[in-house]
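Structural description and commentary
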Amino acid sequence: MAFLADGLVSMDAYLIHLGSLIGIYILMSLSFNLVVGYTGLLNLGHVGLMGIGAYVSAILVKNFHLPFALGLLAAGLLTMCVAGILALPAKKIKGDYYALVTLGFLFVVFAVLVNGESVTRGTLGIPGIPRPEMFLSNSMYLLLVACITATTFLFLDRLVHSPFGRALEAVRDDEEVAQMLGKPVFKLKLIAMMISGFIVGMAGALLAHFVQFIAPNSFWLDLLVSALSGMMIGGVASMRGTVVGVVILFALLEPLRFLSFPSSLIGPLRLMIMMCLLLFIILRRPRGLMGRAELES
Amino acid sequence: MDVFVELVFHGLIAACIYALLASGLVFIYSTTRVFHLAHGGVIALSAYAFWFTTSVLSWNIVLSALMAIVTSTVLGLVMNELVYEPLRRRNSKGLGYLIATIALLMISGALIIAIFGGQNQSLGFSSQVHVIVGAHVTTLQLLLMATTVVIFFLLHLLSTHTRFGKTMRATADNEVVASVLGIDTRQIRRLTFALGSALAGVAAIFYALEFNLDPNMGVMMAIKGFTAAVIGGPGSMTGAIVGSLLLSGVEQASVWYLGSSWRNAMAFTLLFIFLLMKPHGLFGRRFS
């Protein structure tokens, strides 16, 4: 949520701008919930995957002049592959140690983005990422984001209520039992991670072309805790809950912009409120508003 | 050759800072099974408290050092009482603690910006320079190395030769049995957090005297301490020392061969390789 809405004059323009951001955050949190809530893998590297998607599309479209649609697709596919690789340790490593491994992955992605200066421009970031001509205006872009988010939501909502989704939840609730019942546990984890990777890679690309500037800091712990908060508020293992959670998060944090605080204080204030909320939920209501599972059943 | 010796000393100094960081993390983890990443935030806040009292309020340096240790101890205790203990009462396992500690780490960073502002700060502290086998070392750096050695020695004595150490290990091994045997496990955890966080205060003082402070330093400290602890095996003090030396060695080697900007990247890569290949570290036991 580090992307400030500079230069937006009217309320309408601001809301349209906000709409696209909310859509992208929903995409990020839905794919997060598929892996964390339904499959029980706390993938703290999720925003690292998002960063990969964002950089892939930004570089392909800006430097190699590929069409936007191809950039988006390439971001999704490449991130999907990386997510598949990130799923491999889940074969041996479980629970909180898997969370640590994926946190380590996030650090590595960050370091590569900072140090791969010849490609990523390091901490300077990539400015002026072009938008496709059709979606130049914010309102057209909102339409695009809304379409993709709605399609993804419908797909994921059906997926988790299908036999495949129930198998995922069996893996989360008791891996040994799922194994004994003949479920291919690792394959299920792998597929869940890859689907999630494809979606979050696209979300990253959508974000890159929307805010038109990305830097390694855009995909760092601040974003991770936003994803965690969105999911935990709405509910672990609930797609509808996730949408509600992200909207609540924005509804709570955005009004801070209109308070007469010095602007340097607003960032820390947002983070503190969000984190206190996250702590409150973990302590008081670990399944969130509409959740059906706890992270560690 | 001279450059090489300088680099080795730089490596040792960094290793001492990492070892101080990791010792607190490992100390807390080995008793409470909480991977207290917010330890980095505690260090950052105490380092700022140290800077604020010396530079802005111009307190005596000893008084400021005490202030830093008090700050870190209080912060550690507050985090334990307000967050970790309630989580424990809910029978939370690793994941809940992990999310909570990340949240606390982020709060610390935000607090620093809110209280002390977003700029980098420096104490501008300098001490006498000595030349030892061709390398330039300051009195402060010698003091840092000595302090690290003493602290590890004391921690070792504490855990192996005192009653408190025994009850600590009993609490770590099996909380239920320990409490049946009449050990007040909650009190043990409280003391562990107090002592581990006091170590954070010591690390903060040396860090503030030696390096610049920036509001995001807590995250970096958490990652470095985390890396050293994971490489060594998060429950082992020997591991913390070896992990810190290895981490610092890899960092200096990447500065030497690849250039200074690759320092963090290689450190993270080392961490990732260890997490994948040897997740319980060099000296770690497998905990179920």
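Shown above is the structure to which this text applies.
Attention in this report is confined to the structure presented alongside it. (Residues numbered from 1 in each chain as written. Chains lettered and ligands numbered in written order. Predicted model: local features only at pLDDT ≥ 70, side-chain atom pairs only at ≥ 80, totals over all residues. Heavy atoms only, no water.)

This next bit is on the pattern of salt bridges. Residue and element names in this part refer to chain B. According to the stated counting rule, one finds 13 salt bridges over all chains in the structure shown. One salt bridge connects E85 with R189, and the closest N-O pair in it is separated by 2.7 Å. With E85 in helix α3 (residues 61-89) and R189 in helix α8 (residues 185-210), this pair connects stretches of sequence that are 104 residues apart. You'll find E85 and R189 in the same group, each marked buried. (Salt bridge = Lys/Arg side-chain N within 4 Å of Asp/Glu carboxyl O. Helix = DSSP H or I, 4+ residues; strand = E, 2+ residues; numbered from the N terminus. Buried < 20%, exposed > 50% of the residue type's maximum accessible area, 1.4 Å probe, protein only.)

Two faces, one strand: in a regular strand the side chains alternate between the faces of the sheet. Residue and element names in this part refer to chain B. Here strand β1 (residues 129-132) pairs with strand β2 (residues 135-138) via four bridges, running antiparallel. What sits directly across from V129, in β2, is T138. Linkage of β1 to β2, two consecutive antiparallel strands, is achieved through a turn of two residues, within which V133 is found at a positive phi near 35°. (Pairing = 2+ DSSP bridges.)

To continue, consider helix α4 (residues 95-115) of chain A. The end-to-end C-alpha distance of α4(A) is 31 Å, a good match for the 30 Å that 21 residues give at a rise of 1.5 Å each. Most of α4(A) sits out of view: 18 of its 21 residues are buried. (Expected span 1.5 Å × (residues − 1).)

Let us now look at the environment of B:R190. All names here are of chain B. As for its position among the elements, R190 is in helix α8. Take R190: its relative accessible area is 26%, and that puts it in the partly exposed class. Taking the C-alpha atoms as reference, R190 lies 9.9 Å from I28; in sequence the two are 162 residues apart. Ignoring any residue separated from it by four or fewer positions in sequence, one finds R190 in contact with L77, N80 and E81. (Contact = heavy atoms within 4.5 Å.)

Moving on, we get to the packing of helix α2 (residues 39-56) of chain B against α3(B). Residue and element names in this part refer to chain B. Contact geometry for α2 and α3: axes closest at 8 Å, N-to-C directions at 150°. Viewed along their axes, α2 and α3 adopt a mutual orientation that is roughly antiparallel. The chirality of how α2 crosses α3 is right-handed. Mapping the contact onto sequence places V42, L45, S46, A49, F50, T53 and T54 in α2 and I61, S64, A65, M67, A68, T71, S72, L75 and M79 in α3. Its residues assigned to classes, the contact of α2 with α3 comprises ten nonpolar, six polar and no charged. (Axes fitted to C-alpha atoms, helices over the stretch in contact; angles between N-to-C directions. Parallel < 35°, antiparallel > 145°, perpendicular 65-115°, else oblique. Left-handed = near helix turned anticlockwise from the far one by under 90°. Nonpolar A, V, L, I, M, F, W, Y, C, P; charged D, E, K, R; others polar.)

With that out of the way, let us pick up empty space enclosed by the protein. One pass over the full model with this rule turns up two cavities of 30 Å³ or more. Estimates place the volume of the largest cavity at around 70 Å³. Around the largest cavity sit A:L103, A:F107, A:L221, B:L37, B:I102, B:L105, B:V219, B:A222, B:I223 and B:F226, which together line it. Sorting the residues of the lining of the largest cavity by element identifies α4 of chain A together with α4 (94-116) and α9 (217-232) of chain B as the ones contributing at least two each. The greatest single-element share of the lining of the largest cavity, amounting to four residues, is contributed by α9(B). Tallied by class, residues from the lining of the largest cavity come to ten nonpolar, no polar and no charged. (1 Å grid on protein atoms, 1.4 Å probe; cavity = no way out; pocket = protein on both sides within 12 Å on 5 of 7 lines; lining within 4 Å. Points joined across faces, edges and corners; volume = space filled by probe spheres on them.)

Even without glycine at this site, A:H65 takes up a positive phi of about 55°. Of note, A:H65 is situated in the loop between α2 (46-63) and α3 (68-87). The backbone of B:R33 sits at a positive phi, close to 60°, despite the residue not being glycine. With respect to the helices and strands, B:R33 occurs in the loop between α1 (2-32) and α2.

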